[in-house]
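The primary structure of each chain is shown beneath.
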Amino acid sequence: MIDPAAPSRGDTPWIGDDPRFTELRAAYRRSVFPVTAALLLRFLAYVLCSACARGFLAAKVVGSVNVRALTGMGR
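The following refers to the structure shown. This structure is a prediction, so every number in the text was calculated from the model and none was measured.

Here we come to the state of the cysteines. When the sulfur atoms of two cysteines share a covalent bond, that bond is a disulfide. Evaluated as defined, the whole model comprises zero disulfides. Sulfur of Cys52: no disulfide; nearest cysteine sulfur belongs to Cys49 and is 8.0 Å away. Cys52 sits in the exposed class, given a relative accessible area of 63%.

Right, here's the structure in full:
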């Protein structure tokens, strides 16, 4: 809860002093940073495979759909 006696910026208390807000920001960071890292690694793996593993990406999966098309659509 925001303490009305706490120092504030102008007439309203600063939201950064609220422990609920601090907890919310910490939960946000714990979820966003790992997801961002995973997506970045996935993209880099796709680029690396495009450069080095052309045979693997050209492998047919179903009909004319190959691994490259599936991984490209999954991005």
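Once the structure has been displayed, the description carries forward.
On to the environment of Leu57, then. Its location among the elements puts Leu57 in helix α2 (residues 54-57). For Leu57, a relative accessible area of 1% puts it in the buried group. Expressed as a C-alpha distance, the spacing of Leu57 and Val67, which sit 10 residues apart in the sequence, is 4.8 Å. Those residues in contact with Leu57 that sit more than four places away from it in its chain are Cys49, Ser50, Asn66, Val67, Arg68 and Thr71.

Glancing now at a nonpolar patch on the surface. Taken together, Leu40, Leu41, Phe43, Leu44 and Val47 make up a surface patch of nonpolar side chains, about 470 Å² in accessible area. Considering the arrangement of structural elements, one finds Leu41 in helix α1 (residues 19-52). Classification of Leu41 by relative accessible area gives exposed; the value is 58%.

Attention now moves to the environment of Phe43. Position of Phe43 relative to the elements: it lies in helix α1. Considering only alpha carbons, one finds Phe43 and Thr71, 28 residues apart in sequence, at a separation of 9.8 Å.

Now for the pattern of salt bridges. Scanning the entire structure with this criterion turns up one salt bridge. The residue Arg20 makes a salt bridge to Asp18 at a minimum N-O spacing of 3.0 Å. In this structure Asp18 comes out as buried when scored by relative accessible area, which is 5%.

How each quantity is defined
- Here the residue numbers are simple positions, counted from 1 along each chain's written sequence.
- Local features in a predicted model are, by the rule used here, given only for residues with pLDDT of at least 70; side-chain atom pairs are given and counted only at 80 or more, and totals for whole chains, interfaces and linings are based on all residues.
- Remark: hydrogens and water are excluded; side-chain values derive from all non-hydrogen atoms of the structure.
- Cysteine sulfurs are considered disulfide-paired once they come within 2.5 Å of each other.
- Here the term buried applies to any residue with accessible area under 20% of the maximum for its type, exposed to any over 50%, and partly exposed to those in between, with areas from a 1.4 Å probe on protein chains only.
- Working definition: helices are DSSP H or I runs of at least four residues, strands are E runs of at least two. Numbering for both runs from the N terminus.
- Here, two residues are considered to be in contact whenever any of their heavy atoms come within 4.5 Å of each other.
- Each patch is built from salt-bridge-free residues with over 30% relative accessible area, joining like charges within 9 Å and nonpolar side chains (Val, Leu, Ile, Met, Phe, Trp, Tyr) within 5 Å.
- What sets the accessible areas is the Shrake-Rupley method with a 1.4 Å probe; for residues, cover comes only from the shown protein chains.
- We define a salt bridge as a contact between a side-chain nitrogen of Lys or Arg and a carboxyl oxygen of Asp or Glu at a distance within 4 Å.

Don't take any of this as a statement about function, it's just geometry.
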